[in-house]
Amino acid sequence: MTGLPAAEVLWEIEAIKQVKARYCRLVDLRDWTGVVELFSPDCVFTHPVHADVTGPRDFFDRVARRITPGVSVHQVHAPEITLTSATTATGTWALHDYVETDDGALRYQGYGFYLDELAKNGEGRWVITSFRQHRLRMDAVPPVRSWDPKEGTSRDHHR
Amino acid sequence: MTGLPAAEVLWEIEAIKQVKARYCRLVDLRDWTGVVELFSPDCVFTHPVHADVTGPRDFFDRVARRITPGVSVHQVHAPEITLTSATTATGTWALHDYVETDDGALRYQGYGFYLDELAKNGEGRWVITSFRQHRLRMDAVPPVRSWDPKEGTSRDHHR
Amino acid sequence: MTGLPAAEVLWEIEAIKQVKARYCRLVDLRDWTGVVELFSPDCVFTHPVHADVTGPRDFFDRVARRITPGVSVHQVHAPEITLTSATTATGTWALHDYVETDDGALRYQGYGFYLDELAKNGEGRWVITSFRQHRLRMDAVPPVRSWDPKEGTSRDHHR
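Computed from a predicted model, the values in this text were never measured in an experiment. (Residues numbered from 1 in each chain as written. Chains lettered and ligands numbered in written order. Predicted model: local features only at pLDDT ≥ 70, side-chain atom pairs only at ≥ 80, totals over all residues. Heavy atoms only, no water.)

Q: I would appreciate a short explanation of the interface of chain C and chain A in the present structure.
A: When the parts come together, some accessible area is lost, and that loss is often what is quoted as the size of the interface. Taken residue by residue, the interface counts 39 residues in chain C and 33 residues in chain A. Summed over both partners, the interface of chain C with chain A comes to about 3,000 Å²; 58% of that surface belongs to carbon and sulfur atoms. Looking at the side of chain C facing chain A, the largest losses of area belong to R65, E80 and R137 of chain C, adding up to 21% of the total buried there. Our enumeration of links across chain C and chain A arrives at 3 salt bridges. Between K17 of chain C and E14 of chain A there is a salt bridge whose closest N-O contact spans 2.8 Å. Of the residues that constitute the side of chain C that touches chain A, the class distribution is 22 nonpolar, 8 polar and 9 charged. Alignment of strand 6 (residues 145–146) of chain A against strand 5 (residues 126–140) of chain C, held across 2 bridges, turns out to be antiparallel. From the neighbouring strand, S146 of chain A faces strand 5 of chain C, where its bridge partner is D139 of chain C. (Contact = heavy atoms within 4.5 Å. Buried area = accessible area lost by both parts, 1.4 Å probe. Salt bridge = Lys/Arg side-chain N within 4 Å of Asp/Glu carboxyl O. Nonpolar A, V, L, I, M, F, W, Y, C, P; charged D, E, K, R; others polar. Pairing = 2+ DSSP bridges. Helix = DSSP H or I, 4+ residues; strand = E, 2+ residues; numbered from the N terminus.)

Quick look at the structure:
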């Protein structure tokens, strides 16, 4: 398909998996500068709430306003990466996200897929060039009490 | 173990991961024809509800009747793939599934493992030849309100 | 970075992914002997509840007392593995865990990251040499009714 040897294709696939892993981790750790660097400046965003976005900086400015202050969890699974050439690829990941803002305006758990396109940029780094989600379901979830990791240790103390 | 070079073993492992990823995605997107093609015609199914199944078409006919109309989410994690020969393999994946039918007859979130065996078929494609689950827990979950992605945007509009 | 050919680096990355997959699976299946073997005897554990632990045997003795009898689910996602030399590596995984003890003293679902260091031991096997978590959130969750897989089959029986 690409003419590349198997080891090189696998190398690129692993690099692409790490881009998406890093994306999720940096969103949840609020490193927005690091997040934006994972996208091409002309990345196309297809999103139900933000239809008129003009690039990654604009998109993640909006995401940051939308989901902070609060806690978000973005977990991705079971990547299906296809190299469409030596420098372009498509990637599908299953998604579970759990977003709650401190003011309670957002409180959901969602399930679906990320349907991305990626390319190697001028520095030889894979970046996301098209960003889209397909949702299976989004649940409005009730508030929960935060668990204190010190709880439930009584059996340790009393034995 | 297989005599294959490392790059070839890794290539087959990646291919097997994509079979399982595709399985989950096509079940949740209701592409039953695509699902059936991921199995050998004589695949052995071990399932608590469907003990007397006669092959993938029969099995997924029953699954389709059982879980539709409704929404399902099947997410798999942390694959442990072992090539047992150049054309056979075992695969273990952690599983989280969330199944709800429109009539409410099914509404659960489950956790456990898929314990699969696979083989390369006549076309050189990996297919599942034995399909089995081990469950850690299955929770009957309450109905939840569906989240509208347009919710929670007030701060965007009013700033 | 390591001077190793791509295929060898990918081989080690895959081996490390399988160590962590096995870790989660063996914890949830209560194979504590198998769990301890995935760690170096001098592994450093950084944990909010068990600050004074002296090695993997001590650590998992405490974990076993804490979470059993009960059911646990540990699922890891989106690994970011970096070989720091031919025999050392760092690994980050997203984590979702769900722990419930039979007496109800523990009942939470947590989200965060594992931040591990690993090394090849004398037998050429990757083991975890530093074990640490970063938590995004931990929810105290209500008890749920266990789902019986035989439920929801009425449509099968009555058609």
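Q: Help me out: how do you make sense of empty space enclosed by the protein in this one?
A: Empty space among the atoms can be located by rolling a probe the size of a water molecule over them. Overall, the coordinates contain 6 cavities of 30 Å³ or more when judged by the stated rule. The computed volume of the largest cavity comes to approximately 370 Å³. If you go around the largest cavity, you meet 22 residues; those closest to its centre are P79 of chain A, A78 and P79 of chain B together with A78 and P79 of chain C. Elements represented by at least two residues in the lining of the largest cavity include exactly helix 1 (6–28) and strand 2 (70–85) of chain A, helix 1 (6–28) and strand 2 (70–85) of chain B together with helix 1 (6–28) and strand 2 (70–85) of chain C. Of the residues belonging to the lining of the largest cavity, the class tally is 15 nonpolar, 3 polar and 4 charged. Its volume calculated, the second largest cavity comes out at about 140 Å³. In terms of lining residues, the second largest cavity is bounded by L10, I13, E14 and K17 of chain A, L10, I13, E14 and K17 of chain B together with L10, I13, E14 and K17 of chain C. (1 Å grid on protein atoms, 1.4 Å probe; cavity = no way out; pocket = protein on both sides within 12 Å on 5 of 7 lines; lining within 4 Å. Points joined across faces, edges and corners; volume = space filled by probe spheres on them.)

Q: What exactly am I supposed to notice about the packing of helix 1 of chain B against helix 1 of chain C here?
A: Helix packing geometry: the angle between the two helix axes and the distance between the axes. Contact geometry for helix 1 of chain B and helix 1 of chain C: axes closest at 9 Å, N-to-C directions at 45°. Comparing their axes, helix 1 of chain C and helix 1 of chain B come out oblique. When the axes of helix 1 of chain B and helix 1 of chain C are compared, the crossing they make is left-handed. Mapping the contact onto sequence places A6, A7, V9, L10, I13 and K17 of chain B in helix 1 of chain B and A7, L10, W11, E14 and K17 of chain C in helix 1 of chain C. (Axes fitted to C-alpha atoms, helices over the stretch in contact; angles between N-to-C directions. Parallel < 35°, antiparallel > 145°, perpendicular 65-115°, else oblique. Left-handed = near helix turned anticlockwise from the far one by under 90°.)

Q: Would you explain the relation of the copies chain C and chain A in this entry?
A: Two copies of the chain are present, and they differ by a rotation about an axis and a shift along that axis. Of the transformation superimposing chain C on chain A, the axial component is 0.0 Å and the angular component is 120°, with the fit at an RMSD of 0.0 Å. Between the two chains, the operation in question is that of a three-fold axis. Residue A7 of chain C, judged by its C-alpha, is the member of chain C lying nearest the rotation axis, at 3.2 Å. A different interface surface on each copy is seen, since only 13% of the contact residues of chain C are contact residues in chain A too. (Least-squares fit on C-alpha atoms with pLDDT ≥ 70 in both.)

Q: Explanation requested: the packing of aromatic side chains in the structure shown.
A: Between two aromatic rings, the relevant description is the distance of the centres plus the angle of the planes. Taken as a whole and judged by the stated rule, the model has 48 aromatic pairs over all chains. For the pair Y23 of chain C and Y114 of chain C, a centre-to-centre distance of 5.9 Å together with 85° between the ring planes defines the contact as edge-to-face. Taken together, the residues Y23 of chain C in helix 1 and Y114 of chain C in strand 4 (residues 107–120) connect sequence positions 91 residues apart. Neither Y23 of chain C nor Y114 of chain C differs from the other in exposure class; each is buried. Put simply, the rings of Y23, W32, F39, F45, F59, F60, Y114 and F131 of chain A touch in pairs and so form one group of aromatic residues. (Phe/Tyr/Trp six-rings, centres within 6.5 Å; stacked < 30°, edge-to-face > 60°. Buried < 20%, exposed > 50% of the residue type's maximum accessible area, 1.4 Å probe, protein only.)

Q: I keep staring at the relation of the copies chain C and chain B and nothing clicks. Help me out?
A: For the pair chain C and chain B, the best superposition has an RMSD of 0.0 Å and corresponds to a rotation of 120° with a translation of 0.0 Å parallel to the axis. A low fraction, 15%, of the interface residues of chain C reappear at the interface in chain B, so the copies pair through non-equivalent surfaces.

Q: Looking at this structure, I do not really get the pattern of salt bridges. What am I missing?
A: Pairs may arise between side chains of opposite charge once their charged atoms sit close together. In total, this model carries 33 salt bridges over all chains according to the counting rule given. The residue E123 of chain A makes a salt bridge to R125 of chain A at a minimum N-O spacing of 3.4 Å. Here E12 of chain C makes a salt bridge to K120 of chain C, at a shortest N to O gap of 2.9 Å. Taken as a pair, E12 of chain C in helix 1 and K120 of chain C in strand 4 lie far apart in primary sequence, 108 residues in all. Taking relative accessible area as the criterion, E12 of chain C reaches 10% and is therefore assigned buried. By relative accessible area, which is 29% here, K120 of chain C ends up partly exposed. Taken together, the shared-partner salt bridges in this structure form one network comprising E100 and R107 of chain A together with R137 and D139 of chain C.

Q: Sorry, what's going on with the side chain of H74 of chain A here?
A: All names here are of chain A. Residue placement: H74 occurs in strand 2. Judged by its relative accessible area of 11%, H74 is buried. Those residues in contact with H74, other than ones at most four positions away along the chain, are C24, V27, D28, L95, H96, D97, V99 and Y114.

Q: Please explain unusual backbone geometry as it appears in this structure.
A: A negative phi holds for most residues other than glycine; trans holds for most peptide bonds. Residues and elements named next belong to chain B. In this structure, the amide linkage connecting T68 to the following residue, P69, adopts the cis form with an omega of -5°. Note on placement: P69 falls in the loop between helix 3 (56–67) and strand 2. Backbone geometry places A78, a non-glycine residue, at a positive phi of 50°.

Q: What exactly am I supposed to notice about helix 1 of chain C here?
A: Along an α-helix, a turn takes 3.6 residues, which lines up residues three or four apart on a common side. Residues and elements named next belong to chain C. Between its first and last C-alpha atoms helix 1 spans 33 Å; for 23 residues at 1.5 Å apiece the expected length is 33 Å, and the two agree. Summarising burial for helix 1: 18 of the 23 residues are buried, a large majority. Once helix 1 finishes, R30 follows within two positions and takes phi at roughly 65°, a positive value. (Expected span 1.5 Å × (residues − 1).)

Q: Mind showing me how you'd approach the interface of chain C and chain B here?
A: Contacts between the two partners involve 33 residues from chain C and, on the opposite side, 38 residues from chain B. Overall, the association of chain C and chain B removes approximately 3,000 Å² of surface from exposure, summing both partners, and the carbon and sulfur fraction of that is 58%. The interface formed by chain C and chain B includes 3 salt bridges. Note that E80 of chain B is salt-bridged to R25 of chain C, the shortest N-O span being 2.7 Å. Breaking the side of chain C that touches chain B down by element, the ones donating at least two residues are helix 1, strand 2, strand 3 (88–101), strand 6 (145–146) and helix 4 (154–158) of chain C. Residues that form the side of chain C that touches chain B fall into these classes: 12 nonpolar, 9 polar and 12 charged.

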